[in-house]
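Geometric and topological summary
Residues per chain are reported as follows:
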Amino acid sequence: MKVHIIGGGNLGVSIALGLSKFSPENQVTITRRNTSSILYLEKLGATVSTNNIHQIQEADVIILTIKPYQVDTVLAEILPVISNKIIASAVSGLSIENLQNKIGTANSAIRIMPNIAAQFGASATCIAFHEKDKDKAQDVVSLFQSLGTAPIIDEKLMDAATVLAASGTAFALRYIRASMQAGIEIGFDWQTALAISAQTVKGAAEMLLEEKVHPEQLIDRVTTPQGCTIAGLNEMEMHGFSSSLIRGIKTSLKQIKG
Ligand SMILES: NC(=O)C1=CN([C@@H]2O[C@H](COP(=O)(O)OP(=O)(O)OC[C@H]3O[C@@H](n4cnc5c(N)ncnc54)[C@H](OP(=O)(O)O)[C@@H]3O)[C@@H](O)[C@H]2O)C=CC1
Ligand SMILES: O=C(O)[C@@H]1CCC=N1
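Remember, predicted model here, so these are calculated numbers, not experimental data. (Residues numbered from 1 in each chain as written. Chains lettered and ligands numbered in written order. Predicted model: local features only at pLDDT ≥ 70, side-chain atom pairs only at ≥ 80, totals over all residues. Heavy atoms only, no water.)

**Points about the pattern of salt bridges**
We apply this condition: Each salt bridge in this description consists of a side-chain nitrogen of Lys or Arg and a carboxyl oxygen of Asp or Glu lying within 4 Å of one another.
Taken as a whole and judged by the stated rule, the model has 8 salt bridges. Salt bridges sharing common partners tie together Arg111, Glu155, Asp159 and Lys257.

Next comes the structure, spelled out in structure tokens:
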């Protein structure tokens, strides 16, 4: 497929890098106004351009990875030269209905919510679309399945998916940072503490994904009666570990909904 990514920033670049590594059969074009920091993508086979309409007529999928306030400017540029295109938008808070109204019925609006782990083929990309675009959406689903998992969700959960799956990357990293800081306090240098903390989180996630059980079942295997784990967990919960995470996620959701 020919994939045209408009907005070569944090997310756009992670998708381009992921595609170059995990599905190199796709031809990727990626644009931004100042391309100096992403020209290296050309060495990986992508076309880098400042021109949003460069070869856009040939694209099978157009991916929007721009900020919400940049959408109208970009659409004003591309709409006069495209028709019958699939536009997959990762723009947070932009509904399918709003996007469809902006792009007209000649094009299909698909909503995607990847995260920056797309670069490592490990994104959880939630995808939503209207029934009329079901067939066309399959191309987008396949594309993002090559970059991790790509669950199809009801659009009403898209803001929740943004917080859980996209912001969630930052939340998970903050846990790892805190664990690393504790690791330094109990004797490790930061590099060793980070390596141990990150691998431990990866291992815990792999067990959950493999065994498909409730986390508490695995926690039970670790918490020896009268042992150090339950003592640590109870102290963390006393200081609001789970509740602060839940409150943070709900606050992020409120921020999107405005
Ligand atoms: N970062 C993340 O983890 C995630 C982000 N998102 C959503 O993705 C979108 C992008 O986020 P993010 O990548 O973090 O933002 P960035 O600011 O890193 O990327 C946006 C890019 O768009 C480019 N851009 C701006 N105007 C234009 C234009 N007219 N034509 C072409 N390119 C343009 C900018 O480059 P230049 O100024 O050089 O043009 C910039 O590199 C947002 O809507 C965000 O909510 C969704 C999921 C995860
Ligand atoms: O923080 C943000 O608003 C964007 C959307 C999800 C991740 N980054």
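On we go from here.
**What to know about the nonpolar core**
For clarity, the threshold we go by: Only buried residues count toward a nonpolar core. Its members are Ala, Val, Leu, Ile, Met, Phe, Trp, Tyr and Cys residues joined through side-chain atoms within 4.5 Å. Throughout this description, buried means an accessible area under 20% of the type-specific maximum (1.4 Å probe, protein chains only), exposed means over 50%, and partly exposed covers the range between. In DSSP terms, a helix is any run of H or I states spanning at least four residues, a strand is any run of E spanning at least two, and both are numbered starting from the N terminus. Every residue pair with non-hydrogen atoms within 4.5 Å of one another is taken to be in contact.
Counting residues in each nonpolar core, the largest one holds 31 residues, and the members touching the most others are Ile63 and Phe144. Where this core is concerned, the elements lending two or more residues are β1 (2-6), α1 (10-22), β2 (27-31), β4 (61-64), β5 (86-89), β6 (108-113), β8 (126-129) and α4 (134-145). Counting residues per element, this core draws most heavily on α1, at 6 residues. With sequence-adjacent residues up to four places away left out, Phe144 is seen in contact with Ile15, Ile63, Ile112, Pro114, Thr125, Ile127, Thr149 and Ala150.

**Considering the domain arrangement of the protein chain**
Reports of interface size often rely on the accessible area that becomes lost once the parts have come together. Stated formally: Residue ranges for the domains trace back to a domain assignment, done automatically or taken from a database. Summed over both partners, the accessible area lost on bringing two parts together, with a 1.4 Å probe, is the buried area. Definition of a polar contact: a pair of N or O atoms within 3.5 Å, with one able to donate and the other able to accept a hydrogen when the atoms are protein atoms, and with sequence-neighbouring residues admitted only if both atoms are side-chain atoms. Under the scheme applied here, ten amino acids are nonpolar (Ala, Val, Leu, Ile, Met, Phe, Trp, Tyr, Cys and Pro), four are charged (Asp, Glu, Lys and Arg), and all others, including Gly, are polar.
Split into domains, the protein chain comes out as domain 1 (2-153) and domain 2 (160-257). Its C-alpha centre places domain 1 at a distance of 31 Å from the equivalent point of domain 2. If you look at the interface, domain 1 gives 9 residues, while domain 2 gives 6 residues. Taken over both partners, the interface formed by domain 1 and domain 2 buries close to 520 Å², and the fraction arising from carbon and sulfur atoms is 76%. In this structure, the connection of domain 1 to domain 2 is made through 0 salt bridges. Inspection of the region where domain 1 meets domain 2 yields 1 residue pair in polar contact (both at pLDDT 80 or more). Across the side of domain 1 that touches domain 2, the residue classes break down as 6 nonpolar, 3 polar and no charged.

**Points about the sheet that holds β4**
To be explicit about the condition: Two strands make a pair as long as DSSP finds a minimum of two bridges between them. Helix axes are fitted to C-alpha atoms over the stretch in contact, other axes to C-alpha atoms as well, and angles between N-to-C directions run from 0 to 180 degrees.
Sheet architecture is open: 7 strands sit in the order β3-β2-β1-β4-β5-β6-β8, paired in mixed fashion. Here the strands that pair on one side only, and so sit at the sheet edges, are β3 (47-49) and β8. With strand direction ignored, the average angle separating the axes of adjacent strands in the sheet is 20°. Of the strand pairs in this sheet, β2 and β3 are connected by 3 bridges, and their pairing is parallel. For Thr29, the partnering residue across the bridge sits in β3 and is Thr47. Each of β1, β2 and β4 touches α1; the most contacted strand, β2, lies at about 160° to it.

**Considering the UniProt feature "binding site: NADPH" (unreviewed entry) in the protein chain**
Let me state the cut-off plainly: UniProt positions are given in the numbering used here, feature names are shortened, and annotations may be inferred rather than shown by experiment.
The UniProt entry lists Asn52 under the feature "binding site: NADPH" (unreviewed entry), expressed in the numbering used here. Within the element layout of this structure, Asn52 appears in the loop between β3 and β4. If near-sequence neighbours (up to four positions away) are discounted, Asn52 is found in contact with His4, Ile6, Thr31, Val74, Glu77 and Ile78.

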